[in-house]
Amino acid sequence: MTERAGADALAGGGGGAAVSLGDAWESGDGGVGRRPEDEAGKGVVCAFGKNLKTLRLREGLDREEFGRRIGYSAATVASYEQGRRIPSPRTIDRADEVLGAGGLLSVWKEEVERAQYPGFFQGMAALEKEAIELLAYDMIVVKGLLQTEEYMRALLAMRRPLLDQETIDQRVAARLARQDIFDRRPTPLLSFVMEESVLRRPYGGKDVLRGQLEHLLLIGQKRNVEIQVMPLDCEDNAGVNGPFTVVTRKDGKKFVYAEAQGIGSLQIDPEQATLANARYGIIRSQALTPRESLEFIEGLLGSL
C-alpha cells in the first residue's frame, strides 16, 4: 500500500496497514517540522504562498508592512510566500483578516497544517486531534507528547546526520503545539507506560533530566492522565517487541502507530489494533500503579 493510499484508507476507516519510510518522529527527531515534508505537501504550501502574495499585492502592502500587521518580519513573510515555511492556523486567520480575504486564506488551514507532516505521519497526526483515548508504551525515550523543550532539543542535537538549527527550532515548536492534547475539550483519556531506564537516562545532562522528571510529575497530576513506570527488576514484560501507541477515535475504531530506525508504521487493521490494545493492558498490569509510579519518579528526582 502506498503512503497516499494509506492516508486515504485511514480517513475512510478501511482495513490493512499503512507503512512508510522516513525519519522517526518520536525517537529523537523532534515531532513535526514547520516545513513541508514531502512533494505533495510542498505543492500545497507553494500554492498557499502564491495566494497569500497575490492578496497582499492586491491590498498594496509590501512585505515589511504586512509583516508588521501580522506580527512577523518581512523575511518570514517571504518564506511563507515562497513555500519555505508553514504559518500556524492562527497566523493564517490573522493574514486573512488583515488582507480582507473573506476566508480565501483561512480555507487553506487544514491542508497547510497537514503539509508539515511526512506522508506516513499524516494519519497519526489526524488521529491525535480526534483521539478520545491514547495509550503509549516507550522504552527508548520519553514520549514526545510528554517531553520538555529542553529534552526535545537534547534529543535533536544527537541526531546523525546533524540537523541544522532552523530545523531543530521548527520541530520543537511543532511538537510543543501538539501537546495541547492535554488541555483539549472534550478531554481525551491519556495513558503512558515507560521503562525505568528511560527515566534514568540523562539525555542533555542532569539538569535536563531533572526538568523532565518534574514535568512528568506535573502532567501526572492531571485527572485525564495516567503515567506508569515499568521497573527494571520486573521479570515479565509484554512490551519486549518495542514501543507503540494505540489511538481510539470518536467512532470507537482503534489504530496502532510504531516506529524504529527511521521506519514509521500506522496499522489500520482492526485485528492488529485489538491485539495491541490487549497487549497494552497486560503491560499496564505488569508496571507500577500510577500512584506508585509518581512516587518512584519523585524518588529519582530526589536522587539527582
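Residues numbered from 1 in each chain as written. Predicted model: local features only at pLDDT ≥ 70, side-chain atom pairs only at ≥ 80, totals over all residues. Heavy atoms only, no water.

Engineer: Provide a residue-level description of the pairing of strand E5 (residues 244-248), including the pertinent values.
Structural biologist: Taken across its five residues, E5 has five buried, putting it largely inside the fold. Going residue by residue along E5, you find Phe244, Val246 and Thr248 tucked away on one face and Thr245 and Val247 tucked away on the opposite face as well. Sheet topology note: the strand E2 (residues 133-138)/E5 ladder contains five bridges and is antiparallel. If you follow Leu135 over to E5, its bridge partner there is Val246. Hairpin connection of E5 to strand E6 (residues 254-260): five residues between the antiparallel strands, including Gly252 at a positive phi of 90 degrees. (Buried < 20%, exposed > 50% of the residue type's maximum accessible area, 1.4 Å probe, protein only. Helix = DSSP H or I, 4+ residues; strand = E, 2+ residues; numbered from the N terminus. Pairing = 2+ DSSP bridges.)

Engineer: I'd like to hear about the packing of aromatic side chains, residue by residue, with values.
Structural biologist: Any pair of aromatic rings gets described here by the distance separating the centres and the angle formed by the planes. On inspection of all chains with the given rule, the structure shows six aromatic pairs. Judged by centre distance (6.2 Å) and plane angle (65 degrees), the ring pair of Phe48 and Trp108 falls under edge-to-face. With Phe48 in helix H2 (residues 39-58) and Trp108 in the loop between helix H5 (89-98) and helix H6 (109-114), the pair connects residues that are 60 residues apart, well separated along the chain. Between Tyr151 and Tyr203 the ring centres are 6.1 Å apart and the planes differ by 80 degrees, which places this aromatic pair in the edge-to-face class. (Phe/Tyr/Trp six-rings, centres within 6.5 Å; stacked < 30°, edge-to-face > 60°.)

Engineer: Outline the pairing of E6, listing residues and values.
Structural biologist: As paired elements, E5 and E6 share four bridges and run antiparallel to each other. Bridge assignment links Thr248 to a residue of E6, and that residue is Lys254. Two elements, E6 and strand E7 (residues 263-267), share five bridges in a ladder whose sense is antiparallel. For Ala260, the partnering residue across the bridge sits in E7 and is Ile263.

Engineer: Give me the lowdown on the confidence of the model for the chain, citing residues and values where you can.
Structural biologist: A low pLDDT score tells you not to read the predicted coordinates there in detail. The predicted model of the chain has a mean per-residue pLDDT of 85, with 83% of residues at 70 or higher. Here residues 27-34 is a poorly scored stretch, pLDDT under 50, and it has 42 contacts once near neighbours within four places are set aside; other chains count. (pLDDT = per-residue confidence, 0-100. Contact = heavy atoms within 4.5 Å.)

Engineer: Break down helix H3 (residues 63-70) for me, with residues and values.
Structural biologist: The set of residues buried in H3 consists of Phe66, Gly67 and Ile70. Taken around the axis of H3, the buried residues stretch over an arc of 100 degrees, which confines them to a single face. What points out from H3, more than 90 degrees from its buried face, is the exposed set Glu64 and Arg68. A positive phi of about 90 degrees marks Gly71, the residue just after H3. (Arc of directions from axis to C-beta.)

Engineer: Please provide a residue-by-residue account of the pattern of salt bridges, values included.
Structural biologist: Tallied over the entire structure, the rule returns 14 salt bridges. Glu149 is the partner of Arg153 in a salt bridge, and the nearest nitrogen-oxygen pair spans 3.1 Å. In this pair, Arg153 and Glu149 are both assigned in helix H8 (residues 149-157), four residues apart and thus about one turn of the helix distant. Residues Arg210 and Asp207 are paired through a salt bridge, measuring 2.8 Å at the closest nitrogen-oxygen approach. Separated by three residues within a single helix, Arg210 and Asp207 lie in helix H11 (residues 206-219), roughly one turn from each other. Exposure remark for Arg210: the relative accessible area of 25% places this residue in the partly exposed category. Three or more residues joined by partner-sharing salt bridges are found here, namely Arg56, Arg63 and Glu81. (Salt bridge = Lys/Arg side-chain N within 4 Å of Asp/Glu carboxyl O.)

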